[in-house]
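Chain residues, written in single-letter form:
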Amino acid sequence: MPLSNLNEEQLQAATCKSGYNLIIASAGTGKTSTIVGRIANLIHSGVKPNEILLLTFTNKAASEMIQRVAKFFGKEIAKEIMAGTFHSVSYKLLKQLEANITLKQPNELKTLFKSLYEKRVFYNRDDEANPYDGGYLYELYSLFLNSTHNETFGEWIISKNASHEIYTPIYEDVVLEFNELKKKYGYANFDDLLTIMLETLETNNFEFKEILVDEYQDTNPLQGRLLEGFKPKSLFCVGDYDQSIYAFNGSDIGIISTFAKRYDDATVFTLRKNYRSTKPILDLATKVIEFNERVYEKKLEVVRNEFEHKPKLLAFNELFEQYEYISKLISQSQTPHNEIAIIFRNNSSADGIEANLREYGIASKRKGGHSFFDSLEVKFVLDLMMLLVNHNDMMSVIHILEYGKGIGKAIAKDIFDALIKLGDGNLFQGLFAPNKDINNPYVSNKTKNIQLGLFDDFVELGSVSKFAHSGFDEAFLGNPLLKHPKLSKEGGEFIYEFYKIIKELRRVKNPNSIIEHIIKSQLFAMLRENLSTKRATQKDGSINETAKLSAKTKIDRKTQLLKTLAYHYTELSKFINAMILGGSEMSEGDGVNLLSVHASKGLEFKEVYVIDLMDGRFPNRKLMSKGGSLEEERRLFYVAVTRAKDILYLSYAKYDRIKKLDFIHSPFLKEAGLIKDDVSQE
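Residues numbered from 1 in each chain as written. Predicted model: local features only at pLDDT ≥ 70, side-chain atom pairs only at ≥ 80, totals over all residues. Heavy atoms only, no water.

## Quick look at the overall build of the protein chain
Quick note on the threshold: In this description a helix means any DSSP run of H or I spanning at least four residues, a strand means any run of E spanning at least two, and both kinds are numbered starting from the N terminus. Note that the radius of gyration is over C-alpha atoms, with the globule rule given as 2.2 Å times the number of residues to the power 0.38. Each residue is assigned to one of three classes by its accessible area relative to the maximum for its type, calculated with a 1.4 Å probe on protein chains only: buried under 20%, partly exposed between the two thresholds, exposed over 50%. We call two residues in contact when some of their heavy atoms are within 4.5 Å. Only the protein chains shown count as covering a residue, and every accessible area follows the Shrake-Rupley method with a 1.4 Å probe. A positive count includes Lys and Arg, and a negative count includes Asp and Glu. His and the chain ends are not counted in either. Charge positions are represented by NZ for Lys, CZ for Arg, CG for Asp and CD for Glu.
Looking only at helices and strands, the protein chain has 30 helices and 18 strands in total. For the protein chain, the C-alpha radius of gyration of 27 Å lies close to 26 Å, the compact-globule estimate for 682 residues. For the protein chain, the C-alpha atoms occupy an extent of roughly 80 × 60 × 55 Å along the three principal directions. With 682 residues in all, the protein chain has 54% of them scored as buried. Considering only residue pairs separated by 6 or more positions, the protein chain has 76% of its internal contacts joining residues 24 or more positions apart. With an accessible surface of roughly 30700 Å², the protein chain has 49% of that area assigned to carbon and sulfur atoms. Side-chain charges in the protein chain split into 89 positive and 91 negative, and the spacing between the mean points of these groups amounts to 3 Å.

Structure follows, in structure tokens:
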């Protein structure tokens, strides 16, 4: 049984009385076993599985815990437990209440936001500061939602940068328009799931006897308010303040550090036995992290006593010598490649190491830079699929059409609005059977407002004569949407291919077959050509044909992987939702693991290389100047080092010959005792 496998500290935590309990679980101390043990104890005590809520940082973590519960209690009981991330649990609960929600990827609605922003003109400007661009403003708005309590967006912007006060009326109005459109079309990104759930909890009560929270140190204020919104009768929060590394996403270390003060009769347990790393590795990690202020005292004990490899420092004269030597070491290592991880602070580090591994014929898989589902080609396919589920999905139309030559986000949004108008509220009808009585579908109801950056619509329509010899069928050629004055001949041809593939896909039902039709279409061929050309364009404007061919191969590989993922699905909407909710947790390929520190969280490997440990890169001084801290960078170092079970290499270089930059070693290497003074040792 789960409880019989626990050590004394884990058992004491897992069987604690109901109430407000915080378990400080450092790296490798068996927090998953403790959580599973707690769930087992609750069920043994008579708590029904559907009265248990388990909140985790990833859906994968939730799935693994539920699988372990199922081994002891059976799948039927285990699946009744409500488990997942704050976002996926909110989505499931909102769907139980039949909420009108069309789920979107975290970055996907950025396209809609930017299309609204690009229609604004900043008539008044501050000479000291240019307006934020649309993409950055969208990220700021997300951070605002996750990290604040009672401020308005405008107040928050001004508190961050007073010189932007002149622009805040436009910023706030774009946000208002954005939220109105999301509400109109039922769109929700991950932030929205939490804010909608929070509002829902004001009038709906879910009777959970206990809420368990994993990775509690990474909770942000919005998630904290949501947790309070459930009015928990009993809390079992597991985390480690030394692994709080998501401040850039709004997480607040103060939430875990004030737990005992915020809850009456709170009990704090500490797990001290480390089962993962050898003593030299753990000693090094502890030596560095103790430079941070101690929130809850803890002293880890090493359980393992087999042969120990001391952590090794590798110093190099040049950056790429480092990558080449590490690749050579890995080629000679006896450790299976899937048990090796190379961990980096900056994504640029991964490019160099990935290229050198390839030179040695070593396969690798990369996670923590751009997600597989962030790639434009994958999003493009999923957006076409989404339109078959929801014909009026504005976001999908904008995201697809913006890749047509000369179209872009703002014109794509104009075309969507025109199609809705021409179809009397139905986009497909506007595409295939438009209302010909509407001569100008591009007139909006917005009035000019200089303060809000709004300007008049164009009133002169364009001529469709430029499309006369384009080979369009007669029905499409007569569609008034082609009268957009800024629509180029190439843009019109792109929309025509969109028209053709949608017409074709309406007869296909199976997700796997739908993807097959899309990747064989002329529309996708145009996108593939567009993206591969862009990715192969060099600084002087010339096209590297070898790089272009490689880009096309990568695009094909990704679409084939997506097709494979769809193989087991028969229902299109379920496939799309699974891809959105679980997409960020996927990595491609097999072999050596290339991981950002954030992506390495919760994982462990026999052999670990933490690379580019130069001051400026790790710690990342640029991010520190934008609101980060040395303490957070030190926690990132602690997380990276504690991924290693047996073998740990730490490396840095003194010079980058390409960028002509000199480096000095990271201060963390000195704190670890690997460098004795301010002079780098050979």
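## Here we look at the confidence of the model for the protein chain
It should be kept in mind that the predicted coordinates are not to be read in detail where pLDDT is low. Put simply, the rule reads: Values of pLDDT, which run from 0 to 100, indicate the predictor's confidence residue by residue.
Considering every residue of the protein chain, the mean pLDDT works out to 87; 93% of them sit at 70 or more. Within the model, the stretch residues 584–588 combines pLDDT values under 50 with 18 contacts to residues more than four positions away or in other chains.

## As for the nonpolar core
Where we set the bar: Take the buried Ala, Val, Leu, Ile, Met, Phe, Trp, Tyr and Cys residues and link them wherever side-chain atoms come within 4.5 Å; each set so joined is a nonpolar core. For the purposes of this description, domain bounds are those given by an automatic or database domain assignment.
Counting residues in hydrophobic clusters, the biggest one holds 86 residues, and the most contacted among them are Leu-112 and Met-385. Examining the composition of this core, we find that nine residues originate from one element, helix α17 (residues 376–389), more than from any other. Three or more residues apiece are contributed to this core by two domains, here domain 2 (102–185) and domain 4 (394–561). Excluding residues within four positions of it along the chain, Met-385 makes contact with Pro-511, Ile-514, Ile-515, Ile-518, Leu-572, Phe-575 and Ile-576. Counting 56 residues, the second largest nonpolar core, distinct from the first, contains Tyr-323, Ala-350, Tyr-652 and Ala-672.

## Section: the domain arrangement of the protein chain
Taken domain by domain, the protein chain holds domain 1 (8–99 + 193–271), domain 2 (102–185), domain 3 (302–371 + 583–672) and domain 4 (394–561). On a C-alpha basis, the centres of domain 1 and domain 4 stand 44 Å from each other.

## Thoughts on the packing of aromatic side chains
Pairs of aromatic rings are described using the distance from one ring centre to the other and the angle between the two planes. Note the threshold: Note on ring pairs: Phe, Tyr and Trp rings are taken, using the six-membered ring of Trp, and paired if centres are within 6.5 Å. Classes follow the plane angle, with under 30 degrees stacked, over 60 edge-to-face and the rest tilted. We count a charge as sitting over a ring when the NZ of a lysine or the CZ of an arginine lies within 6 Å of the ring centre and within 35 degrees of the ring normal.
Within the structure shown, the criterion is met by 40 aromatic pairs. Between Tyr-609 and Tyr-649 the ring centres are 4.7 Å apart and the planes differ by 10°, which places this aromatic pair in the stacked class. Residue Tyr-609 is found in strand β15 (residues 605–610), and its partner Tyr-649 is found in strand β16 (residues 644–653); the two are separated by 40 residues along the sequence. Of note, Arg-506 hangs over the ring of Phe-432, and the distance from its end group to the ring centre comes to 4.1 Å. Positioned over the ring face of Phe-57 is Lys-601, at 5.7 Å from the centre of the ring.

## Quick notes on the sheet that holds strand β6 (residues 210–213)
To be explicit about the condition: In this description, strands pair whenever DSSP reports at least two bridges between them. Helix axes use the C-alpha atoms of the stretch in contact, all axes being lines fitted to C-alpha atoms, and the angles between their N-to-C directions lie in the range 0 to 180 degrees.
With parallel pairing, the six strands of this open sheet are ordered in space as β3-β2-β6-β7-β1-β8. What marks the edges here is a single partner per strand, and that holds for β3 (82–84) and β8 (267–271). Averaged over all neighbouring strand pairs, the angle between strand axes comes to 10°, with direction disregarded. With four bridges connecting them, strand β2 (residues 52–55) and β6 associate as parallel partners. Looking at β6, one finds that Leu-55 is bridged to Val-213. Of the strands in this sheet, β2 and β3 are in contact with helix α3 (residues 59–73), which crosses β3 at around 135°.

## Considerations on the sheet that holds β15
Hydrogen bonds between backbone groups are what pair the strands of a sheet, and the pairing can be parallel or antiparallel. On the basis of which strands lie adjacent, the open sheet formed by six strands has the order β11-β16-β15-β12-β14-β13 and parallel pairing. Only two strands of the sheet have a single partner each, and these edge strands are β11 (312–316) and β13 (364–367). When strand polarity is set aside, the average angle formed by the axes of neighbouring strands in this sheet is 20°. Pairing of β15 with β16 involves five bridges; the strand directions are parallel. Each bridged residue has a counterpart across the sheet, and for Phe-605 the counterpart in β16 is Ala-644.

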